[in-house]
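Here are the chains, one letter per residue:
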Amino acid sequence: MKLIFIFLILIFSINFNSSQFISLSPEVTLTASVINNTTFSYIPDYSDHTYCLFPPYQILIDVENGFSITTAVINNTNYNIEKKFQNFNSYLFNINTQYLLSFGSVSLLITFTTNDTIEHSYQLIGTCNELQVNNLKIDSLNSFYYSGSFFQYISISGIYPLPNQIRLIGNDGSLGFTNDDEYNYILQIFQFNQNNITDDIDLVFGFSGNRNYSIKIKSYYNQFNEIDLPTNHIETFFPPEISSTSYSYKQFGYLCNPVIQSNINTNIMRPYQYLFTIYSPKYTLPIKGKKGNMTFIGLFMESTNLVTGNGLNNIDIITLNPNITSLHIPSMGASSSQYTFSDGFQIQLFTLNFNNSNTYQGTDLFFLYFTFIYQSWPFGFLSGTNTNYEFKSSFVRLNEYKPISNEYLYFGSDKSKLELYHQITPNKTQTSSPPQLLSYKYSRVSNYMYILRLNIQCDGGVRNIQTYSVQTYFGLDTLVSGTIYNGIFEIVASPDELSFVSITDQLGNSKQFSDGDVISLNPFTVFRIPSEIKFKINISNLNNITFLKNDIDLSEDCHNIVYIDFNDNVPTDKTLSFVLMDIISIPSERELIDIMSTIDKRPFKFNNITKKFESKFIVPKNNMFGNIQYLIFFGNLNGIYGNQLTTSLIVNNTILDNQGPLFSSFEKIRNGSIISTAGTIGWRFDITDDLNGFESGYIKVMGSVDSSTYHFNFTIDDAISGDKFNCQFQILINVSQPCITQEYRIVKVILYDSNKIASRFNLYTPIIPTASIISPFLNLLDQGLDITILPFTCSPSVLLDAKPVLLSFTPSKALFDVGASNRTISFDFSIEPSYSVGLKQDQLPIVYISSLFSGLIECSSTVLLGYSASEARYKCSTELPLGFGYPHPLIFSLYGIVNNGGYFYGYSSSDLALISNYYANTTISFNQPVIKSADKYYSDDNGELVIYGRAFSNVNLVSIDYSDNQLSPHSFQPSIIYESSAIRISGIRSTSKPFYITLSTNDSLTSNIFTVDPIYFNANTTPIPTESPTTSPTASPTDSPTTSPTSSPTTSPTTSPTSPTPSPTMTLIPTATPIPTNAPQKCQGNPECGGKNQGYCSSTTGCICYPPWIGTTCSSRIIIVPQPSINKTNPQVEIPTTPTESNGQSSAETNSEESQKMIFKSLISLVSLRELDFNNKEVNSYIFDQWIYTPINQFKNQYFTTISNTNITATLEWFNQSTFIQFANQNLTMNPSSIKYTIEISKYQFSSSLNQLQLVMAASLTSNSNDICSLNQFGNTSTGDDSNYLKIQIENHSLYGRFIKRAIIDNTVKSISNVLLDSSLNIIDSSTSSLQSYIGITIPFYSDSIIVDPDFSVLIDSKSASDQDNSICTNKKSGLTTAQLAGIIIGSIAFAIVIVISIIYVMVKRKGQKKFITSMNNKLNKINQ
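Overview of the structure. (Residues numbered from 1 in each chain as written. Predicted model: local features only at pLDDT ≥ 70, side-chain atom pairs only at ≥ 80, totals over all residues. Heavy atoms only, no water.)

1. Some points on the nonpolar core
In terms of nonpolar packing, the biggest core is built from 154 residues, with Phe685, Val701 and Phe827 touching the most fellow members. Considering every element that reaches this core, the biggest residue donor is strand E78 (residues 890–898), with 7 residues. Among residues more than four places away in sequence, those in contact with Val701 are Trp683, Ser708, Thr709, Tyr710, Phe712, Ile731, Ile733, Tyr744, Arg745 and Ile746. (Core = buried A, V, L, I, M, F, W, Y, C linked by side-chain atoms within 4.5 Å. Buried < 20%, exposed > 50% of the residue type's maximum accessible area, 1.4 Å probe, protein only. Helix = DSSP H or I, 4+ residues; strand = E, 2+ residues; numbered from the N terminus. Contact = heavy atoms within 4.5 Å.)

Below is the structure:
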């Protein structure tokens, strides 16, 4: 083992060593090499820097047996060396520094001393090189606009080497490295101050040594024709009077300035128009209109210029200098503050306490105590009124922490001059080793999601794990086994979120592991990000980008698909996503607060048939015209923007609505009322939204004295009049005595339209930089904030400080499992009101739950259970996030108790500790399945979905319930379980309505119910044309006889089936290969095709039959039989038939007494799934033995089974009348009394890509008479449906099966073959009274899924089997031919051979197949009895 380990180290060292790391002394007892860096030569990150960043180096050392390293020193104090690992005689040292290396070289002398006092010295030479600039050349692509800037791909040569950033002199833009081979930089600039908007733009590149290089790039407007540029603009102001210098405007909320709208006759998306304020220029935002007539909006302030381009070189400038009074956020200063520690409690707390020095007016507060907490009233407000209150809040005290801690509590309010800091001093300090990553594993679970499984050893206990951002971390809900000191953690994330691993322990120590870092010496392990994540894509890798739909119409959402054809350099498993960057999908200019929540990365999936990457996406309706910008995202902050080298996604027909709903009127109800007993006050308002229409809204109202808060949520259904385009609402507040005189103020408004575009108003906080242009009060700015303030007078009004008494406070649990599927915590508490004023019953107190490192949770669903003069009883419940607080206790506090005398009250955790239960301990379980999330599921998906959560390892059953009443609930086994955090399920029924998933484990534990809301998707895909297109069935044949079916003689049967039920319009599926058609057949029969009343001869196909006749000679007729009974064990169908059910068919045979006693029974079943090699030899075989049955409706049932991690779903549907159906782009007619099998098979792990699958079905027909004849036929149909048929006939009854020669394979129509297996399987059971056949449906190699669709009917034949060649008979009176007699003899011998072979077969075949054959024989024996 030691030799193997040394060999691995040597191999690794050979790959990474360099002559810049040199041994200066003989390597007697140790050898050393640098293993993580391939270069010792560096360049500045920025072109104008005169220094380089010195990268960290990892030195691997192997020491001879019996020796050890005692010291490691470096001769330069700017650098440090530390031991990272030691395993027996192997060591890993790190060299790093914060020192910036100037141009030139640094030589480091590193000395390792072993226990024999021998010093081993090494020299490490690093060089910082100045950038060389010679013959600078530049080429560029056309610019594109995004979020207030212009972007342009640039190709730069003449610089060596290429730095990450090139400095722009005199411009606020940037030039960043793209890693692309050709277009190696992307330029971001702002295009302002131009006399001719199409003129080239001068840029200056700055390099070290004051080397500046001037270049020119093309203007964004250079790519347009002059005729497309705007020539006219008309402005509108909000408020209208603002253009008058005598008008004084007071901000309508913080930062809500006046607004200007400009109507421009532009044919380009972004005309040259911007507002230049005292701070910076900013382009106006398009909000309404269509191509040629657009409206743009922008805010302005004192000394603002509106600059608009008319044509090429006509620049209009409008100077605006309004008189604006700013609305400042009220100050919240603290007159005094103190921090106290509560060491006597079971849970140690520290408490912040202060009194106010300014009036509180509804602003939000924030806390930074390991996590960032943003809260509004009532949290922390202990007692008082808005003008005179005390604040008090408790936190779990840090018990142990690392030495020299710089952690602190930071408390404040934005722009309110309230900022409090306090250094956190733990009870004691503790030194521990940093966390260690013992092993790791990446598992890809879907197109754009991974599980990163980490085995972590951590003396201080893991606190959190970061993988892509220092601001975002994964908590202890990722712990799936073990403890925080030695456990397994699983992180579910996209590839963009897996850039590194940084582990922080409870004591504040952290350790980061990046790509290439050694994490273990035994076994020797290097942390590597998967190659498909790291692979960088260049523009040159693109062969083509196409869209299913282009020149799109956005009067409705556009359901689309993007296809990317890369060259062979791009691996097919590369992780990619598609991001729409239109102004509706990413509202970065409209409201910055929603950007991250609205970015939708749609994963690409590689199509093995088309050899292209594909991604579904939806372009929102009522969007901007022109080219929609998009991004092909292939890594963390890396991607390719749509440019002139890629296909543009073009919108031609659209009317833009980029503005949220607006108030058109806003009236007070009972403004200034005097309340002597009781009254109702409020607001009535009208909302308009011209195009998208209003959908929902929220308004928050607060009291000016007691901060009593009212939350109003409403939707279009709550409107008192109007429709979604113009609707009226009212919000009402009841006021009753006793009460106090105050004002109710609207402090927050959010209105959404049906396209999720919001208008927002915040009186003060949170601060919205774009508050002016997204205000719902835009049309009412001239009325001022007064319309949002509703004063009322109470008579009498008594302001009274009468604190109620907390009688009880009871949490539901003392020990809380934060890993359970049910994490609901509830609180019962009661309060004794003050007798003099009582409690304000519409103000419900809030319970807050907090813990160390976990933030704050509100239990705000409080209900008032009962109220009397002596007691008010409350209850609230909420669900805690997974892992919340663990392993620390949860502490509780209670705030928001408001009396009728204008005072509010609360209890901090330290207050509750004196009178009640104030905490609960936490534990975490690992065996209860919890569903947390799922991939997005489209309504047209193939029934597969990946769900994410924890404790999935033992899940053995998935249950789905549907909100669609037409779909019955069903259960099945999971397809694939990934580690313990993800499950792939298959068999979801097609639906666009929500459905509900529950998981169950082997030990009967059940998960939470998880709701999946499918995204409606209908691409109306047009198939790829085939080389020989199939001919769709037509209503009447082109070569029909002169006597058409509709003019057939009146003697045609009166019992014929009714006209087929029409089918819906076909949605075509792509066809990847030509689908074979049946060759024309010679018309047969006597008379030909059954005669003129039963069919006619088509020269292109063969006999075409009139319903209800069927077959190659139109001599068989469909029998109407009762629906067979349902088999609840497996998908076998038994159809009994008697002569009386033979559609009135009369013959000498059927009228005989003997024939009337005859009973015919048909049996259809699914036998097995076989994998065949390219020679059709069996590689694997799986017998179907156990099925899960699920009823769907009266005529449809479903059966589910799993073999070798492959799901098979068989849906059996009975048709009691003739019905048109569609399958694989083909219209088919289902005959009455027929059964259709729709068989779906999920992904199968082939042994070889040359192999294929074969689904084996069995069909049999038996009779209770032995003195009869039988016949078996297999061939091609002649009716134009391009199928095979199997006909099993006994006397004049037949079982008829149709096997279509096409299937849906990987969502593409593809050809398949059907073969008769009676001879190859050697298990045929045939006699004159019992005939059985096996059909193999052979499917080529596939990736994801297949669907096949055979069907079966029962027929009566006008020609008995005894009258046909090749039949097998036992009745001597039948006049058997020699050939028939020979058939009987051969059949008897064959039957005997079959018996012998069957005995051997049963002995050697596995138990499952033995069960199946026995079952089948038993069924046949029962039928014969």
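2. Remarks on the state of the cysteines
The final tally for this structure, using the stated rule, is 6 disulfides. One disulfide in the model links Cys52 with Cys128; its S-S distance is 2.0 Å. Here Cys52 and Cys128 share a disulfide; its torsion about the S-S bond, 75°, makes the bridge right-handed. With Cys52 in strand E4 (residues 51–53) and Cys128 in strand E11 (residues 119–128), the pair connects residues that are 76 residues apart, well separated along the chain. Cys52 sits in the buried class, given a relative accessible area of 0%. The disulfide partner of Cys1089 is Cys1103, and the S-S distance across this bridge is 2.0 Å. (Disulfide = S-S within 2.5 Å.)

3. Describing the pairing of strand E63 (residues 678–688)
Burial of E63 is extensive: 8 of the 11 residues sit out of reach of the surface. Where strand E61 (residues 662–669) meets E63, 7 bridges bridge the pair, whose relative direction is antiparallel. Bridging across to E63, Glu667 finds its partner in Arg684. (Pairing = 2+ DSSP bridges.)

4. Structural notes on the sheet that holds strand E8 (residues 90–96)
With antiparallel pairing, the 4 strands of this open sheet are ordered in space as E2-E5-E8-E7. The two strands at the open ends of the sheet, each matched to only one other strand, are strand E2 (30–34) and strand E7 (80–87). Looking at each pair of strands side by side, their axes are set apart by 20° on average, direction ignored. As paired strands, E7 and E8 are joined by 7 bridges and run antiparallel to one another. Across the sheet, the residue bridging to Gln86 is Tyr91, located in E8. (Axes fitted to C-alpha atoms, helices over the stretch in contact; angles between N-to-C directions.)

None of the figures reported here should be taken as evidence of function without further support.
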